[in-house]
Amino acid sequence: MNKFLLVINAGSSSIKFATYHKEALSNQLIADASGQIEGIGNQPDFTVMNPNDDILVTRKFSVDEVHDHTSAISIIRVWLLDYFADCTLLAVGHRVVHGGQYYSAPVLIDAKVLKDLEALIPLAPLHQPHNLAAIRAFQEIMPTLPQVACFDTAFHRTQPDVAQRFALPRRYFDEGVRHYGFHGLSYEYITLVLPTLEPLLASARIIVAHLGNGASLCAIHNGRSIATTMGFTPLDGLVMGTRCGSIDPGVLLYLMNQHNMDVQALEKLLYHQSGLLGISGISYDMRVLLASDNQNAKEAIELFVYRIGREIGSLAAALGGLDALVFTAGIGERSSVIRAKICHQVKWLGLDLDESANETDVRRISMLNSKVSAWVVATDENLMIAQHTLRIVI
Ligand code: ADP
């Protein structure tokens, strides 16, 4: 019987999913349908697409029908049973934001793992509870189905101690207040792909720029993360769609003192009203800003690029030099304009951009004699989760 895997990425009001079927002989995973339920508990909307992004299903549900993660997953399950009627579901792999200090690799979920992950909720209160709600929903609906947790933090557990510390009293570090880093599944995927493009990259000093709505950079040496711009939370580092990135902590004290902001108000400001949206006052979407003549939109782009340039300098220092810069995620993969601006900022490190290659659909975008090479590589976090899940369950 044919076998398939399910990948789940659960947020507060949405569950995204992707399916992969396994080729019997090669064990290769082939992307199949993917989709999402959005507006859980509000205006539930179920969509499924085939691998060419043609819509297979689009259906609205009532709030009574889809009021929580369990009811949403029941809807996905009914569709799966129909679509994969003569196939067996091998396992489900979950994207889990936080694995804390101890989970440095994907893991088969059992009662102990789930308890450990619940204890990490204070470290990622905006994401972890929803990831775990999906896991519990599968336990309820399909109790015998193997479930695997794949962590956004795991890839960065190789960071040296010094890169994980804040200059706070030691007890906070021991309690878990550390520089963790995120987007790990994306960085892991890129690290696996790079040597297939250029074998020397397997042991090179690389900075990967994951530039989507959430954005971060990772310094990688010998295939291992040694430093990254996101920190204790995915709020740190670069300017993002709606997140502020690095900020002087004194600004928060000022806002609390002078604007009477409490935790909720600060959370809303820093996570949802800042970044490209906050500076431009127009949009969080880079496409909209690039198309705009508005001066504030231009300033938002300028700051986005400036901060990336500075952070690349900082990570290059942590690496002791730089051999390659890699662009990935929505902005990194699709905006030649932003890539060019960043590459010009990094010229001093020895990066010579091939302007025409940057405009075409090739992966290497630096001149052949450039000391630092530059690449565009499409990331695939879902495939990474599916591969981990398959490896653990077979
Ligand atoms: P997420 O972090 O939500 O996974 P993505 O990696 O999908 O985000 O990136 C989404 C962002 O990519 C969008 O907000 C948009 O700003 C940007 N983007 C997508 N296509 C383009 C493009 N052609 N030019 C510039 N930016 C783009």
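### Some remarks on the overall build of the chain
- For the chain, the helix and strand inventory stands at 15 helices and 13 strands.
- Against the globule reference of 21 Å for 394 residues, the chain gives a C-alpha radius of gyration of 21 Å, in line with a compact fold.
- For the chain, the C-alpha atoms occupy an extent of roughly 55 × 55 × 45 Å along the three principal directions.
- Taking all 394 residues of the chain together, the buried fraction comes to 51%.
- If you take every contact in the chain between residues at least 6 apart in sequence, the share linking residues at least 24 apart comes to 63%.
- Taking the average place of the 31 positive charges on the side chains of the chain and the average place of its 39 negative ones, the gap between the two points comes to 6 Å.

### Focus on helix α8 (residues 263-272)
- Inspection of α8 places L266, L270 and Y271 among the buried residues, and these make up the whole buried set. Buried residues of α8, viewed axially, fall in a sector of 105 degrees; they line one side.
- Packed against the buried residues of α8 are α7 (249-258).

### Notes on the pattern of salt bridges
- Counted under the stated rule, the structure contains nine salt bridges.
- Where R95 meets D152, a salt bridge forms, and the shortest distance between an N and an O atom there is 3.0 Å. Separated by 57 residues along the polypeptide, R95 in strand β6 (residues 87-96) and D152 in the loop between β8 (147-151) and α4 (161-164) bring together distant segments of the chain. As far as the burial class goes, R95 and D152 line up, both buried.

### Here we look at the side chain of S283
- Structurally, the position occupied by S283 is in the loop between α9 (275-280) and α10 (286-290).
- Here S283 falls in the buried class, since its relative accessible area comes to 9%.
- Separated by 2.8 Å, the side chain of S283 and the backbone nitrogen of D285 make a polar contact.
- Excluding its chain neighbours within four sequence positions, the residues that come into contact with S283 are L276, L277, V288 and L289.

### What to know about the site of the ligand
- The environment of the ligand is made up of G212, N213, G214, D285, M286, R287, L290, A329, G330, I331, R334 and S335.
- At a separation of 3.1 Å, an oxygen atom of the ligand approaches a polar side-chain atom of D285.
- A distance of 2.9 Å separates an oxygen atom of the ligand from a polar backbone atom of G330.
- Notes on the ligand: free accessible area 580 Å², of which the protein chains cover 71%.
- Broken down by element, the shell around the ligand gets its largest block of residues, four residues, from helix α12 (residues 329-334).
- Looking at the shell around the ligand, its residues break down into four nonpolar, five polar and three charged.

### Some points on the nonpolar core
- Counting 44 residues, the largest nonpolar core has I207, L211, F304, I312 and I342 as its most contacted members.
- Elements with a minimum of two residues in this core: β9 (205-211), β10 (215-221), β11 (224-228), α10, α11 (295-319), β12 (324-328), α13 (336-345) and β13 (373-376).
- Formed by 31 residues, the second largest nonpolar core is a distinct cluster that contains C150, L201, V208 and I220.

### Topic: a nonpolar patch on the surface
- A surface patch of nonpolar side chains, about 250 Å² in accessible area, is lined by F166, L168 and Y172.
- Turning to its location among the elements, L168 is positioned in the loop between α4 and α5 (170-175).
- Classification of L168 by relative accessible area gives partly exposed; the value is 47%.

### Examining the sheet that holds β10
- Spatially, the five strands line up as an open sheet ordered β11-β10-β9-β12-β13, and their pairing is mixed. Here the strands that pair on one side only, and so sit at the sheet edges, are β11 and β13. Across this sheet, the average inter-strand angle for adjacent strands is 25 degrees, counted without regard to direction.
- Bridge analysis of β9 against β12 gives five bridges, and the strand direction is parallel. Within β12, the residue paired with I207 across the bridge is L325.

### Let's talk about the packing of aromatic side chains
- Scanning all chains against the criterion turns up nine aromatic pairs.
- Geometrically, the ring pair formed by W79 and Y83 is stacked, given 4.8 Å between the ring centres and 20 degrees between the ring planes. One end of the pair, W79, and the other, Y83, are both in helix α1 (residues 69-83), four residues apart, so they sit about a helical turn from each other.
- The exposure class assigned to W79 is buried, which follows from its relative accessible area of 9%.
- Judged by its relative accessible area of 34%, Y83 is partly exposed.
- By way of ring pairs, the aromatic residues F4, F17, F46, F61, W79, Y83 and F84 are connected into one cluster.

What counts, and at which threshold
Residues numbered from 1 in each chain as written. Predicted model: local features only at pLDDT ≥ 70, side-chain atom pairs only at ≥ 80, totals over all residues. Heavy atoms only, no water. Helix = DSSP H or I, 4+ residues; strand = E, 2+ residues; numbered from the N terminus. Rg over C-alpha atoms; globule rule 2.2 N^0.38 Å. Buried < 20%, exposed > 50% of the residue type's maximum accessible area, 1.4 Å probe, protein only. Contact = heavy atoms within 4.5 Å. Lys, Arg positive; Asp, Glu negative; His and termini not counted. Charge placed at Lys NZ, Arg CZ, Asp CG, Glu CD. Arc of directions from axis to C-beta. Salt bridge = Lys/Arg side-chain N within 4 Å of Asp/Glu carboxyl O. Polar contact = N/O pair within 3.5 Å; in protein donor to acceptor, adjacent residues only side chain to side chain. Near = heavy atom within 4 Å. Areas by Shrake-Rupley, 256 points an atom, 1.4 Å probe, with all protein chains shown as cover. Nonpolar A, V, L, I, M, F, W, Y, C, P; charged D, E, K, R; others polar. Core = buried A, V, L, I, M, F, W, Y, C linked by side-chain atoms within 4.5 Å. Patch = residues over 30% accessible without salt bridge, like charges linked within 9 Å, V, L, I, M, F, W, Y side chains within 5 Å. Pairing = 2+ DSSP bridges. Axes fitted to C-alpha atoms, helices over the stretch in contact; angles between N-to-C directions. Phe/Tyr/Trp six-rings, centres within 6.5 Å; stacked < 30°, edge-to-face > 60°.

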